[in-house]
Amino acid sequence: MKMVGALVAAARVAAGLTQRAFAEALHIDMETVASIEQGRRTLMPNVAEKMDRVLGLPGLLTVAANRMPEVDTVPAWAEEYMEREVEALALSWYDTLTVPGLLQTENYARAVLGCRVPFVGTEKIERQTAHRIQRQKILTRPVPPTLSFIIWEPALRDRIGGDEVYREQLGHLRACADLPTASIQVLPLGITAHAGLDGPFILLETPEFQHLAYSETQRGSFLVRDPNEVSILTQKYAMLRSQALNFTETKDLLDRLLGEP
């Protein structure tokens, strides 16, 4: 990524454009341009095409973006969210089929990543597992973000990885429920109203007090900046909190699940 970023920077300078002017011509944030040039963010093919047009290049950056080796642990489409997550002031996370990544044990994370089809190989799964656990450092920052998690009950019923991994994950989740900066709620089975039927999503507040949302699909993701769309998801999250078990009820449920054979 650093080599491609250096190519972008060199081409921009040769065209006599500042980062700000370049970003305005591309209709993207200046920080995005800076991150690409510094090799901290993957140059996506659609952005590369825009850059080629603005800089008058014969598709050179597009070729570089499309031929970039697939060695990164994080999918390109998730990189921007990961950058935002590290510095977030607050995160509100609704998940349906698995325990949220920030609350996963290493063994559970490895088992979840190993379920992906097609199988990507043990080496890549280990890199992805290590990266997922590394992300959890934000839980122990000197000033951790304010965290809220809502987990649909089926995620706590499936025994991904087997009984031993399952019990370890439940125990870890129960310990996380006592963290002073985190709230964990379970959305139970059998309720008559459900605000989260469209799938999981994350709400995020940046250090600049910008409110964003993030949602993944089977083969990609969306980082939502539109205030209207973020507002809709914020309303959904508020409704989900009212429909979920409260903190004490959630801890009681986890204790009961831990007591089951």
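For the structure, see preceding data.
What counts and what doesn't
Counting of residues starts from 1 at the beginning of each chain's written sequence and follows it residue by residue. Note on the predicted model: pLDDT of at least 70 is required for a residue's local features to be given, and 80 or more for side-chain atom pairs to be given and counted; whole-chain, interface and lining totals, by contrast, use all residues. To get the side-chain values, all heavy atoms of the structure are used, and hydrogens and water are removed first. Under the scheme used here, helices are H or I runs from DSSP no shorter than 4 residues and strands are E runs no shorter than 2 residues, and both carry numbers assigned from the N terminus. The criterion used for residue contact is that any of the two residues' heavy atoms lie within 4.5 Å. Identification of polar contacts relies on pairs of N or O atoms within 3.5 Å, with a donor-acceptor requirement for protein atoms, meaning one able to donate a hydrogen and the other able to accept it, and with residues adjacent in sequence counted only if both atoms are side-chain atoms. Exposure categories follow from relative accessible area, calculated using a 1.4 Å probe and restricted to protein chains: below 20% of the type maximum is buried, above 50% is exposed, and the middle band is partly exposed. Only protein atoms enter the 1 Å grid, on which a cavity is a set of points fitting a 1.4 Å probe that cannot get out and a pocket is an open set with protein on both sides within 12 Å along at least 5 of 7 lines, lining residues being those with an atom within 4 Å of a point. Grid points are joined across faces, edges and corners, and a volume is the space filled by probe spheres set on the points. All amino acids are sorted into three groups, where Ala, Val, Leu, Ile, Met, Phe, Trp, Tyr, Cys and Pro are nonpolar, Asp, Glu, Lys and Arg are charged, and the leftover types, Gly among them, are polar.

**Q** Looking at this model, I keep getting lost on the environment of Arg 157. Mind explaining?
**A** If you trace the backbone, Arg 157 turns up in helix H9 (residues 154-157). Through-space distance from the C-alpha of Arg 157 to that of Thr 98 is 9.7 Å; in sequence the pair is 59 residues apart. With residues near it in sequence (within four places) discarded, Arg 157 still touches Tyr 166, Leu 253, Leu 257 and Glu 260. Of the polar contacts made by the side chain of Arg 157, one reaches the side chain of Glu 153; its length is 2.7 Å.

**Q** Got a minute to help me understand the side chain of Arg 84 in this structure?
**A** Take Arg 84: it is sitting in helix H6 (residues 79-87). Arg 84 gets classed as buried once you look at its relative accessible area, which sits at 10%. Among residues more than four places away in sequence, those in contact with Arg 84 are Asp 29, Leu 204, Thr 206, Gln 210, Leu 212 and Arg 225.

**Q** Honestly, empty space enclosed by the protein in this entry has me stumped. Any pointers?
**A** Gaps between atoms show up when a probe of the same size as a water molecule is rolled over them. Within the structure shown, the criterion is met by one cavity of 30 Å³ or more. Of the volumes computed, that of the largest cavity is approximately 60 Å³. Around the largest cavity sit Val 99, Tyr 108, Ala 155, Leu 156, Asp 158, Ile 160, Tyr 166, Gln 169, Leu 170 and Leu 173, which together line it. Residue assignment for the lining of the largest cavity shows that the elements contributing at least two residues are H9 and helix H10 (163-176). Among the elements that make up the lining of the largest cavity, the one with the highest residue count is H10 (four residues). Split by residue class, the lining of the largest cavity holds eight nonpolar, one polar and one charged.

All we've got here are geometric facts, nothing functional implied.
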